[in-house]
Each structure stands twice: as C-alpha cells, then as structure tokens.
Amino acid sequence: MSGLRGFAARSKNLVIAIPGGNLSRDALGLLERIGHQTDEMVKNPRRQLFPELGLMTMRPSDVITYVSAGAADVGIAGKDVIAEYATDGAVYEILDLGFGACRMALATREGKDNPVDAAMTRFGVARIGSKYPRTARAWAYRTGRSIEVIELKGSVELAPIVGLVDGIVDIVDTGRTLAENGLIERETIANSSARLVVNPTSYTHKGELIERFNSAVQAELDREGDSS
Amino acid sequence: MTDEATPAGATSGKDLAFSTPPGLRDMLPDELSDVTRLLTRFRLELESRHYSELHTPALEYESTIALGGLESTQPAFPLIDAEGRRLVLRPDMTIPTARVIATRLRHLEPPFRLYYVSHVYRGTTGRIEQPREFLQVGAELVGLSGPDSTLELLEVLVAAVDATPLVGYRIVLGDAQLLPAILHALKVPRKDRPAITHELVTRDYVGLRNQLDRLCEQGSISAKVQRIIVETVSRRGGEEVFDNLDERIVAATDSLRQIYRDATPNVRSKLLIDFGLTRQLGYYTGEVFEVHHPALGQAIGGGGRYDNLLERFNRKLPAVGFGLQVERLHEAARADDEQRKATFLTKSVT
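Residue numbers here run from 1 along each chain, matching the order of that chain's written sequence. Each chain is given a letter, starting from A, and each ligand a number, starting from 1, according to the order in which they appear as written. In keeping with the predicted nature of the model, local features appear solely for residues at pLDDT of at least 70, side-chain atom pairs appear and are counted solely at 80 or more, and the whole-chain, interface and lining totals rest on all residues.

Asker: Help me out: how do you make sense of the sheet that holds strand β9 (residues 167-172) of chain A in this one?
Answerer: Strand pairs in the sheet, formed through backbone hydrogen bonds, run parallel or antiparallel to each other. All names here are of chain A. Pairing between two strands requires that DSSP report at least two bridges joining them. By definition, any uninterrupted DSSP run of H or I lasting at least four residues is a helix, any uninterrupted run of E lasting at least two residues is a strand, and each is numbered from the N terminus. If you walk across this open sheet you meet the five strands as β8-β7-β9-β6-β10, and the pairing is mixed. One side of each edge strand has no neighbouring strand; the edge strands of this open sheet are β8 (147-151) and β10 (183-192). Mean inter-strand twist for the sheet, computed between neighbouring axes without regard to direction, equals 30°. As judged from the five bridges shared by strand β6 (residues 102-109) and β9, these two strands associate in the antiparallel manner. The angle between two axes is taken between their N-to-C directions and runs from 0 to 180 degrees, where each axis is a line fitted to C-alpha atoms and a helix contributes only its stretch in contact.

Have a look at this one:
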C-alpha cells in the first residue's frame, strides 16, 4: 500500500529512530543531556521499541527507511547512509549533530602505483568493491572514471587483497583497519557525521514538537561547542 | 528451478501466472466501491465549480513527456511500438493536459478549467517499493497568472478534499522562486546559486549551511547575508512568517503573502506556509504546495504553478494545478473514520 506509517501516526509524542551500532551511544547520550529519558533503552539492548519513551532502534541504514515512511517522526543517521539510501527530499536533513565523524574514501593496496589508476589506464575501467554502490557510482561519475561496482555486505578490506577488486569505497574512521590489511587511503570522497532527519508529513503535523526538539538539540550542541 | 524469465521471488512460471507484476495490483469490489464514492463527490464538486473532465490516452510519445522533464517524472514503462516509436505510459496528467490545450483546444480562448480522474505510472526508486500504477485526481487552471489564480486553485483543492470524508489534513505552501529571488536580491554570485538551490530542493539544510559557510569563508557573501538566507528559508508557520523580513527580500514573498491574506478562513486554516518548500518536479515556476495527512507518512499529493510548460508546446499560457493520489486519499479518509469511531466510543463510555 502507499504510505502507511504505523506507530508514529498513532503517537501524540515525537517518535525518534535511533541507529544501532557506533552512533547509538552518542545519540542516546545527546538525548539524555537534553532531558530525554533513555535508561530503559540502554538497559535493554535487544528491545527495539520503547513506546513510553518515544524511541525505536534499528540498523543505521534502516533509519532512513523508517523515517521516510513516517513510522518514526525523526531519526539520527550518518550522512554516509543518507547519501546512499535516501531519495532526494524523502527526508529533510535539518541538523548536523557533529558526532560520528568519519569520511568516505577510496582505498587500495599499498604501493607506489594506485591500482585503480593502473586499471583505468590498462583496461579503461576499474573494479570497485563497496557497501555503498550508489555513492561509489556518484563519485566515479563526478571524477570522470569508469568503474564496475562489486557490491559487498561486509569485510570490504578483503576484496582488494585477494584481487577481487582494484579498490574499495568505504568509511574510514582512524585508518587503522586499512593499515592492518595493507591498504591505504588514496582519495577522500566525502566527509560524514551524524544528522537529524525529519519526515515531511511529521514536520507538518508535529511541527512544533519537532522545532522544540531541534532547538533543544541545537542549544545543547552550542553549549558543548562553547565549553570545548 | 531457475528460469530466466521468472523474476526473483517467484519459483516457477506457474506461480507467476497467478500474480501481478511488482507495483501493480487489483482493486477489489469493497475498496472500489469506497473509491467510487470518493470520486463521485470529487466530480460533483469540480463540476459545480465549472471544471470539465478531460480524458487522455494512457500512452504518450516519450518526446511529449520529455518536455516536462523525464528525470523528475520517472516514467516507469518505456515502450517501443511496432513502428519503432518510443512511447511511455504517462507519469502524470499535467503534461498531457498541457498538450491538449496547446493542440486540440487551440481554437478556444483561455482560461481553461479542467479536471481528470486517471491512472498514472511511475518508476520507484529507493528501498520502499511504491505502486507503479496509481489513480490520480486533479485539476488544472490554465491561462490565468498571478497569486489570484493560485488561490482559486487552492480553493478548488480544499473544496474537493472537503467533499470527501477527509479531515485533519494540511496544505504546505511554498514558492519555488523564493530562494532564487532571495539569492538575487542579496547579490549572491550567480555561479554559486545553483548549488545552493539544489540543497534546498533536496531539503538538505545542513548542506545549505555548508554551502553558505564555504561562500562566507571565500568572502563571496557576508555573515549577515548567510544568516538572512538560512533564517528565511527555515521559516514555517502562519501569518508570523511574513514579519520582520529583511527589506531586500520582502518583495520575494509578496505572492505568498497575498495568497495567505486573501484566502477564505477555511482555506487559511489548512495552510502552513513553508519558505523552504520547492518540490522536485522540473516544471514548477512559482507557488508550490503539498497535501499532508497525519495518518500517512508521505504527501497525499500536491501541485503548483507551471507558467513555462505550455510554452514548450508552442502556446504560451500561465498555469497552476494539483494532483492527489486516490489510494492515499482513501487510506487517510479511513483513518479519520476510525478515529471518529474511537472518539465516539470513548465519549459514550465516559
């Protein structure tokens, strides 16, 4: 069916989608500091819905799906995930939350020559492994490269080592995982950090709640910025 | 068993025969009788306002639809006929209506007041699979320019929706020309404007602030100009959004102000002004709007001014129109109905 939204529609309160994984702690910490109850969620890592707290949690890349369908009113998601999964305008991206900073980068095996350039020169095309095929294609288009994307779900670092691909497009945090696998970053593609995203219908019908939440978060970020 | 002609998920050709292709579905009698009732009310309301129904073929030349922009309308089913001509199933009704006015109705004087009840066909992108065929109702007012005609169309929209059992919906109203006009008035370098506008079209306020930060650092714009732009396009609400605007950009908000001021109390009660709303479709040139209902997560429909589209069919006429997805309208109306029942039950108990 078209556009059923479920839980958030039946709740008078704001329903917030929290990404599991790396961003989870920072996201919950931020909510805690603006006075939002999160104890139950921290104590029950396996539960996914906390109706009394107006919180739900899911895989980071699913946050966009829940918010764009309106099952949650607002959500917290990395820019990397938004760029990969959100269709233009499906969610409104209203605030940079600062935490979860990382970058999308092209990495290859170490060595003087860049294997991606070498493949481009020799075959006119480079094979790129990635969990972010759309991002990889957009980067190739922008930089005038021809690539074949091999979509991977995990352990992306393995692919260039065993020669499955010439390079990978992936998230780099400190670069340690790359180094341990004999890879180096060749090119930064985009910078990422956690963002606050909003469902357009919720922004219309729960606009005041969302504005209040947005202002509280903004004030908290400003306060932290001043004190650091 | 694998069969190249069998789509993923179907295990054999036999199963396939009893299914419908993705994004397409049957409409069964229960639903259809509800929907027909909605449509009867819609038609009566539109006819009483002297709008006439228009039918156009489901298939159009691809080159016709391309005049409205193929990228934004996403035709789902490109076809090649026996003569090798490229056809598409129409992705919207606005472009065919423009074609009809510029060709079949060329001998008639404007204005034209037309409405339609038609299936349209779109591709789906992203992770949420959407219908590829859906029923749309809408109206087009062609040949009148300016905020007055936008307001007439909004009044028709509200009357048509109010004729259905739907309550509790809001119309978000913006102007696709507002940001370009603001950038012009504040003398933002011309070459930097498309990137800024793109951020707002995709509703990426973080990207918008980042673009402006960059221009600020380069010295292309002042911190004050940056603040004015961000603050203005973030404004949403009622009458108060027009207060305390920088004097250079007041004129850019004139048409929205006029519409809001002249709207009947009923229409105004539905309006939410949003200075950041631009919508995605390539052909919008001025005021744009979306209809949102709290039971659904996505807009029921929307519309706007498209003053340059008819010109592409060699008949220069200003125009404004709206379209609503009937299935979503029906879903929202049912949600309202359940809410009413729930409220009634609660009341009768207490």
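Having seen the structure, we can now continue with the description.
Asker: When you look at the interface of chain B and chain A in this model, what are you seeing that I'm missing?
Answerer: In many reports, interface size means the accessible area that the parts give up when they come together. Counting residues at the interface gives 28 residues for chain B, matched by 28 residues for chain A. Sorting the residues of the side of chain B that touches chain A by element identifies β7 (170-175), α9 (205-218) and α13 (326-349) of chain B as the ones contributing at least two each. At three residues, α13(B) tops the list of elements feeding residues into the side of chain B that touches chain A. Across the side of chain B that touches chain A, the residue classes break down as 11 nonpolar, nine polar and eight charged. Residues are defined as contacting one another if the C-beta atoms placed from their backbone atoms lie within 7 Å. For this classification, Asp, Glu, Lys and Arg are treated as charged, while Ala, Val, Leu, Ile, Met, Phe, Trp, Tyr, Cys and Pro are nonpolar and the rest, including Gly, are polar.

Asker: Explanation requested: the packing of helix α7 (residues 178-185) of chain B against helix α8 (residues 193-201) of chain B in the structure shown.
Answerer: A pair of packed helices is captured by two measures, namely the crossing angle of their axes and the spacing between those axes. All names here are of chain B. Running from amino to carboxyl end, α7 crosses α8 at an angle of 145°, the nearest separation of the two axes being 10 Å. Crossing of α7 over α8 shows right-handed handedness. Seen from α7, the contacting residues are Leu179, Pro180 and Leu183; seen from α8, they are Arg193, Ile196, Thr197 and Leu200. In terms of residue class, the contact of α7 with α8 is built from five nonpolar, one polar and one charged. Handedness of a crossing is defined here by the sense of rotation of the near helix relative to the far one, left-handed for an anticlockwise turn of less than a right angle and right-handed for a clockwise turn.

Asker: Looking at this model, I keep getting lost on the sheet that holds strand β1 (residues 16-19) of chain A. Mind explaining?
Answerer: Here six strands make up an open sheet; going across it, the order is β2-β3-β1-β4-β11-β5 (chain A) and the pairing mixed. Two strands lie at the open edges of the sheet, namely β2 (49-50) and β5 (92-96) of chain A, each paired on one side alone. Pairing of β2(A) with strand β3 (residues 55-58) of chain A involves two bridges; the strand directions are antiparallel. Paired with A:Phe50 across the bridge in β3(A) is A:Leu55. Strands in contact with helix α4 (residues 60-69) of chain A are β1, β3, β4 (74-78) and β11 (194-198) of chain A; relative to β4(A), the strand with the most contacts, it is inclined by about 145°. Set on the sheet, α9(B) makes contact with β5 and β11 of chain A; between it and β5(A) the angle comes to about 55°.

Asker: Please clarify how the domain arrangement of chain A should be interpreted in this entry.
Answerer: All names here are of chain A. Splitting chain A by domain gives domain 1 (7-100 + 193-227) and domain 2 (102-191). For each domain, the first and last residues come from an automatic or database assignment. Using only C-alpha atoms to locate each centre, domain 1 and domain 2 end up separated by 30 Å. On the domain 2 side, the residues contacting the four residues of domain 1 number seven residues.

Asker: Just checking my understanding: could you explain unusual backbone geometry for this structure?
Answerer: What is expected of a backbone is that most residues other than glycine have negative phi and most peptide bonds are trans. Residues and elements named next belong to chain B. Along the chain, Pro110 connects to Pro111 via a cis peptide bond; the corresponding omega equals 5°. Relative to the helices and strands, Pro111 resides in the loop between α5 (94-102) and β5 (112-121). The phi angle at Arg203 is positive, at roughly 55°, despite the residue not being glycine. By secondary structure assignment, the location of Arg203 is in the loop between α8 and α9. Its identity is not glycine, yet Asn244 carries a phi of approximately 50°, on the positive side. Secondary-structure assignment places Asn244 in the loop between β8 (236-237) and α11 (254-262). When the 7 C-beta atoms within 10 Å are taken as the criterion, Asn244 is described as exposed. Neighbour density around each residue's C-beta defines its exposure: 20 or more other C-beta atoms within 10 Å make it buried, 12 or fewer make it exposed, and counts between make it partly exposed, where C-beta atoms are placed from the backbone.

Asker: What's the story with α7(B) in this structure? I'm lost.
Answerer: Because each turn of an α-helix spans 3.6 residues, side chains separated by three or four positions in sequence point in the same direction. Residues and elements named next belong to chain B. Buried within α7 we find Leu178, Leu179, Ile182 and Leu183. When α7 is viewed along its axis, its buried side chains cluster within an angular range of 130° and face the same direction. On its buried face, α7 sits against β7, α8 and α10 (223-233). Looking one or two residues past α7, Lys187 carries a phi angle of roughly 60°, positive in sign. For this quantity, the arc is that covered by the directions from the helix axis to the C-beta atoms.

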